[in-house]
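# An overview of the molecular structure
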Amino acid sequence: MSEDERYRTSTQYRLWSFTPDSLLALRSTTNRIAADRVREAVRRVREARALSSADTSDAENGRSASAIPEGEVDCLTVDEELKLVAFYCRQTLSLGDHLKVPTDVKATAIQYIKRFYITNSLMTYHPTDILKTALFFATKTENHYFRLTKFADAIGGTKPEDVLASEFLLTQGLRFTFDVRHPFRALEGAIMELQALSKGDIPALPDGEAVTGPSLQNMEKRVRNAHGKARECLKTSALLTDAYFHFTPSQIMAAALINADRELTEWYIKLKFPASAGAVQQKILATVEKCAVMLKEIDSSSEPSATEKKELGALMKKLKKCRNPEKMDLVGLQKAKREGEEGNDEKIVKKRKLEREQLTKEGEVFGPNLKKS
């Protein structure tokens, strides 16, 4: 089985690969449904507040009542949600740096956030709640042990229950698929091969043919420089764009390399195929070029401009006014659900006990006789 065939069996390919149009359609549907639910939830809370007395309304409605805006609710658009998701993904990178977790953990956490918000809206679940859970969950899936209490203390102003409150929500949003295929290993393999090719240690083609065509100057230095630039791109631009949803890890790796050193990468790709495979070469180069254009949308070394920061500030204020009031307190919701389940369990136990006592009184310890058909 080839590497491509193995990738096509992964959940990343089967469940989390989309065309641009299908991904936009999913996000648009999610945004529309969430906006309708926010308006409906606001209407319910307003009605409940109106029915309650003025003296007890705030106490009864709590955070939800105080957070309800007056007038028509102005909900976020799809583009506005995407801008905020990108911002909070950057915040996740910063938090990961603060906690000193490996690159794989940060990258996996960001993909969890981006996957979650395909079918969930920021208006329903605030990203500050989700990103902590995503980062902590990524430490588990990437085998980087981090004790929960230590994790919460390191963040500051966070309790362990705050981290765990949205864990089941996150796993549901991820469709219980936690494997994320990153392009980091592909890059290291390509760099090792390029280094060997630059020294003439290995043949370029599968059948052992020697390297043909013009060679490049200063190969070793160019490979080192391309490696650093490409890795930096994979650690930021590849994570903050939708590249993972549209391209394979090897295509993302090649796109990062082509942005780092186009001549070197095109030379490398052409060497990987015999002269008779010209059509395949062009198809691969065209796909890699599309991915490279996407990676250029976000500069790996730049921070949001003053204008962008101002826009983000306005969007955060807008989000605060259009959140679903029934989904704000995730810790409280989880506690209520747990208490409800415990109450149901007690009812079931009592019911079974009464049934056993009744059967014992009637002399039918093992239940009534079976009826013959």
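Report on the accompanying structure. Just so it is clear, the structure is predicted and the values come from calculations on it, not from any experiment.

This paragraph deals with the overall build of the protein. A tally of regular secondary structure across the protein gives 19 helices and zero strands. Per-residue burial over the protein gives 42% buried out of 373 residues. Considering only intrachain contacts with a sequence separation of at least 6, the fraction spanning at least 24 residues in the protein is 79%. Summing over all exposed atoms, the protein offers an accessible surface of approximately 21,400 Å²; the carbon and sulfur share of this is 52%.

Should the charged atoms of two oppositely charged side chains come close, the side chains can pair. For the coordinates displayed, the defined rule picks out 21 salt bridges. Here Arg-39 makes a salt bridge to Asp-36, at a shortest N to O gap of 4.0 Å. Pair noted here: Arg-39 and Asp-36 are both in helix H3 (residues 20-51), with a separation of three residues, about one helical turn. A relative accessible area of 34% places Arg-39 in the partly exposed class. Judged by relative accessible area, Asp-36 falls into the partly exposed class, the value being 46%. Here the salt bridges do not stand alone but share partners, grouping Glu-40, Arg-43, Arg-44, Glu-47 and Glu-326 into one network.

In this description, a pair of aromatic rings is defined by centroid distance and the angle of the planes. Here the structure, examined in full by the defined rule, presents 10 aromatic pairs. Ring geometry for Tyr-7 against Tyr-13: centres 5.9 Å apart, planes inclined by 65 degrees, an arrangement best described as edge-to-face. A cation sits over an aromatic face here: Lys-150 above Phe-146, 5.8 Å from the ring centre. Of note, Arg-175 hangs over the ring of Trp-16, and the distance from its end group to the ring centre comes to 6.0 Å.

The residue Asn-143 is not glycine, and still its phi comes out positive at about 55 degrees. Here Asn-143 lies in the loop between helix H7 (127-141) and helix H8 (148-155). Backbone geometry at Arg-175 places phi at a positive 60 degrees, although glycine is not the residue there. Considering the arrangement of structural elements, one finds Arg-175 in the loop between helix H10 (167-173) and helix H11 (184-199). With a relative accessible area of 47%, Arg-175 lands in the partly exposed category.

End to end, helix H12 (residues 219-235) covers 24 Å across 17 residues, agreeing with the expected 24 Å (1.5 Å per residue, within 8%). Next to the buried residues of H12 lie H11, helix H13 (237-240), helix H15 (249-260), helix H16 (262-271) and helix H17 (278-295).

What follows is about the packing of H3 against helix H5 (residues 78-99). At their nearest, the axes of H3 and H5 sit 10 Å apart, and the two run at 100 degrees to each other. Judged on the interaxial angle alone, H5 and H3 are roughly perpendicular. Taking contact as the criterion, the partners of Leu-24, Arg-27, Ser-28 and Asn-31 in H3 are, on H5, Val-78, Glu-81 and Leu-82.

The next subject is the packing of H5 against helix H18 (residues 306-321). One can describe the packing of H5 onto H18 by two numbers: an axis separation of 10 Å at closest approach and a directional angle of 110 degrees. One way to sum up the angle between H5 and H18 is to call them roughly perpendicular. For the pair H5 and H18, the contacting residues are Glu-80, Lys-83, Leu-84, Phe-87 and Tyr-88 in the first and Glu-311, Leu-312, Leu-315, Met-316, Lys-318 and Leu-319 in the second. Each residue belonging to the contact of H5 with H18 can be placed in one class, and the counts come to seven nonpolar, no polar and four charged.

Right, let's get into H3. The first and last C-alpha atoms of H3 sit 47 Å apart over 32 residues, in line with the 46 Å expected at 1.5 Å per residue. Within the sequence span of H3, burial applies to Leu-23, Arg-27, Thr-30, Asn-31, Ala-34, Ala-35, Val-38, Ala-41, Val-42 and Val-45.

Its place among the elements puts Lys-318 in helix H18. Beyond its immediate stretch of four places on either side in the chain, Lys-318 contacts Asp-74, Cys-75, Leu-76 and Glu-80.

Structurally, Phe-168 is set in helix H10. Taking the C-alpha atoms as reference, Phe-168 lies 9.6 Å from Thr-133; in sequence the two are 35 residues apart.

Below, the discussion takes up the side chain of Thr-30. In this fold, Thr-30 is placed in helix H3. Sequence-distant contacts of Thr-30, defined by excluding residues within four places in its chain, comprise Ile-118, Thr-119, Asn-120 and Ser-121.

Analysis parameters
Residues numbered from 1 in each chain as written. Predicted model: local features only at pLDDT ≥ 70, side-chain atom pairs only at ≥ 80, totals over all residues. Heavy atoms only, no water. Helix = DSSP H or I, 4+ residues; strand = E, 2+ residues; numbered from the N terminus. Buried < 20%, exposed > 50% of the residue type's maximum accessible area, 1.4 Å probe, protein only. Contact = heavy atoms within 4.5 Å. Areas by Shrake-Rupley, 256 points an atom, 1.4 Å probe, with all protein chains shown as cover. Salt bridge = Lys/Arg side-chain N within 4 Å of Asp/Glu carboxyl O. Phe/Tyr/Trp six-rings, centres within 6.5 Å; stacked < 30°, edge-to-face > 60°. Lys NZ or Arg CZ within 6 Å of the ring centre and 35° of its normal. Expected span 1.5 Å × (residues − 1). Axes fitted to C-alpha atoms, helices over the stretch in contact; angles between N-to-C directions. Parallel < 35°, antiparallel > 145°, perpendicular 65-115°, else oblique. Nonpolar A, V, L, I, M, F, W, Y, C, P; charged D, E, K, R; others polar.

Everything listed here is a matter of geometry and, on its own, says nothing about what the molecule does.
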